[in-house]
Amino acid sequence: MPEDLLTLGIETSCDDTAVALVRGREILADEIASQIADHTPFGGVVPELASRKHQEAMLPVLARAMESAGTTPDDIDLIAVTSGPGLMGSLLVGVMTAKALAQGWGKPLIGANHLEGHMFANMLAHDDLEPPFICLIVSGGHTEIVLCRATGQYELLGTTRDDAAGEAYDKASKILGMGYPGGPVIERAARDGDPDRFAFPIALRGSHEIEFSFSGVKTAFRTEVERQRASGGELPVSDLCASFQRAVTLALIQKTELAVRRTGVRRLSLSGGVAANSELREAFTALAPKMRAEVYLPPKRFCTDNAAMIAAAGAAAYARGARSDLRLTADPSWSIW
Ligand code: KG4
Ligand code: ZN
């Protein structure tokens, strides 16, 4: 982690407009304008609406971050912005803002990768988390198991064939009519539920591949909800949610174990919005004794999208010699493996 650069981070890849000021592991400001309330009526993120909301929020969030850190443009050494992956119209707002600031203030610019950012979120929180480690990235758009050999050297060990883990939570919540984002709602409803009541499928359980599939559990969930509704009784919401959460968690944990066995790497990191889920956090923590692994969990505020992780990832890329210039464009499917 480069210690001396004061980096301005900008993140607009999905539905959070975020700006942070970071030096090494020290976070001087970390501001977010969430659009959740705007997207809730639609049961998910509406891309066109997201980019318009980023336009409105971008400069006020930047001003708040500069003010709360007591920073002037002169103090800033580097501007880092998420340039992919993500929604094109959303990414463009951050990228155009960063380019304008870099040109106006005469500062170097670096395009940062959103998934590398999620991996850095946990490194920001834990001084002793150093590569090599295995990272399980679980968010609304991603479900990946990555081997980080060194910063900047990533190998994709496995991903999902269909839905992302967070997307599965969001769809389950939509089926129940319980709103967006689904993860926190399902987790709350699952609290007093019986996770063994419904045996939802744990996809690819017997497969020797590191891969996920969440469309089957979603369909089984929908079918069970319809069956219960048709039977006319009260919907056993807590048991449905607890059983669903159990199936998703077990799939994630089993493939993480497989990744440990396959690589021999015994340092494990978790990141992304679904990393806020308590059952997943407990199951991940239990891998420490079971797999003789060191386990690192991000604080909840670093699970979901933020700009501090982008500043950290951008500063590290810059220190490795990566450079962007004013021709930087958004790349919605930028892959680092
Ligand atoms: O990382 P994130 O903020 O945005 C993306 O890059 O997608 O992740 C958002 C996702 C949503 O799908 C949301 O339902 C899920 O993370 N999520 C959770 C929890 N909190 C957020 N899933 C399960 N349990 C939670 N407590
Ligand atoms: Zn994310």
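None of the values given here were measured: they were computed from a predicted structure.

A word on the packing of aromatic side chains
Counting across every chain of the model gives five aromatic pairs. Their ring planes at 85 degrees and their centres at 5.5 Å tell us that Tyr 169 and Phe 244 sit as a pair that is edge-to-face. Pair noted here: Tyr 169 is in helix α5 (residues 165-176) and Phe 244 is in helix α8 (residues 237-263), with a separation of 75 residues, a long-range link. Its relative accessible area of 2% is what places Tyr 169 among the buried residues. With a relative accessible area of 0%, Phe 244 lands in the buried category. Each member of the aromatic cluster is reached from another via a ring pair, and the members are Tyr 169, Phe 198, Phe 200, Phe 221 and Phe 244. In this structure, Arg 323 is placed above the aromatic ring of Tyr 318, and the distance from its NZ or CZ to the ring centre is 3.7 Å.

So, the side chain of Ser 269
Its location among the elements puts Ser 269 in strand β9 (residues 267-271). Side chain to side chain, Ser 269 and Asn 122 meet in a polar contact 2.8 Å long. When neighbours within four sequence positions are excluded, Ser 269 is seen to be in contact with Asn 122, Leu 129, Phe 133, Ile 134, Cys 135, Leu 136, Phe 284 and Tyr 296.

Digging into the coordination of the zinc ion (ligand 2)
Coordination sphere of the zinc ion (ligand 2), protein contribution only: His 114 (NE2), His 118 (NE2) and Asp 305 (OD), at 2.1 to 2.2 Å. Note that the zinc ion (ligand 2) binds four donor atoms; their angles at the metal cover 94 to 141 degrees, and the shape is irregular. Taken in chain order, the donor set of the zinc ion (ligand 2) reads H-x3-H-x186-D. Taken together, the residues span about one helical turn, with His 114 and His 118 both in helix α4 (residues 114-125) at a distance of four residues.

Here's the deal with the sheet that holds strand β7 (residues 143-150)
Strand order in the open sheet formed by five strands is β8-β7-β6-β9-β10, with mixed pairing between adjacent strands. The open sheet has two free edges, formed respectively by β8 (153-159) and β10 (294-296), since each of these has just one partner strand. Adjacent strand axes in the sheet meet at a mean angle of 20 degrees when their direction is disregarded. Strand direction decides the pairing type here: β7 and β8, joined by six bridges, are antiparallel.

Observations concerning the pairing of strand β6 (residues 133-138)
Across the six residues that make up β6, a large majority, six, are buried. Of the strand pairs in this sheet, β6 and β7 are connected by six bridges, and their pairing is antiparallel. Within β7, the residue paired with Ile 137 across the bridge is Glu 144. Taking the residues that link successive antiparallel strands as the turn, the β6-β7 hairpin has four residues. The sheet contact formed by β6 and β9 spans four bridges and is parallel. Within β9, the residue paired with Ile 137 across the bridge is Ser 271.

Definitions and cut-offs
Residues numbered from 1 in each chain as written. Chains lettered and ligands numbered in written order. Predicted model: local features only at pLDDT ≥ 70, side-chain atom pairs only at ≥ 80, totals over all residues. Heavy atoms only, no water. Phe/Tyr/Trp six-rings, centres within 6.5 Å; stacked < 30°, edge-to-face > 60°. Helix = DSSP H or I, 4+ residues; strand = E, 2+ residues; numbered from the N terminus. Buried < 20%, exposed > 50% of the residue type's maximum accessible area, 1.4 Å probe, protein only. Lys NZ or Arg CZ within 6 Å of the ring centre and 35° of its normal. Polar contact = N/O pair within 3.5 Å; in protein donor to acceptor, adjacent residues only side chain to side chain. Contact = heavy atoms within 4.5 Å. Donors = N, O, S within 2.8 Å, 3.2 Å for Na, K, Ca; no water. Tetrahedral: all angles 85-135°; square planar, octahedral: opposite > 155°, others 65-115°. Pairing = 2+ DSSP bridges. Axes fitted to C-alpha atoms, helices over the stretch in contact; angles between N-to-C directions.

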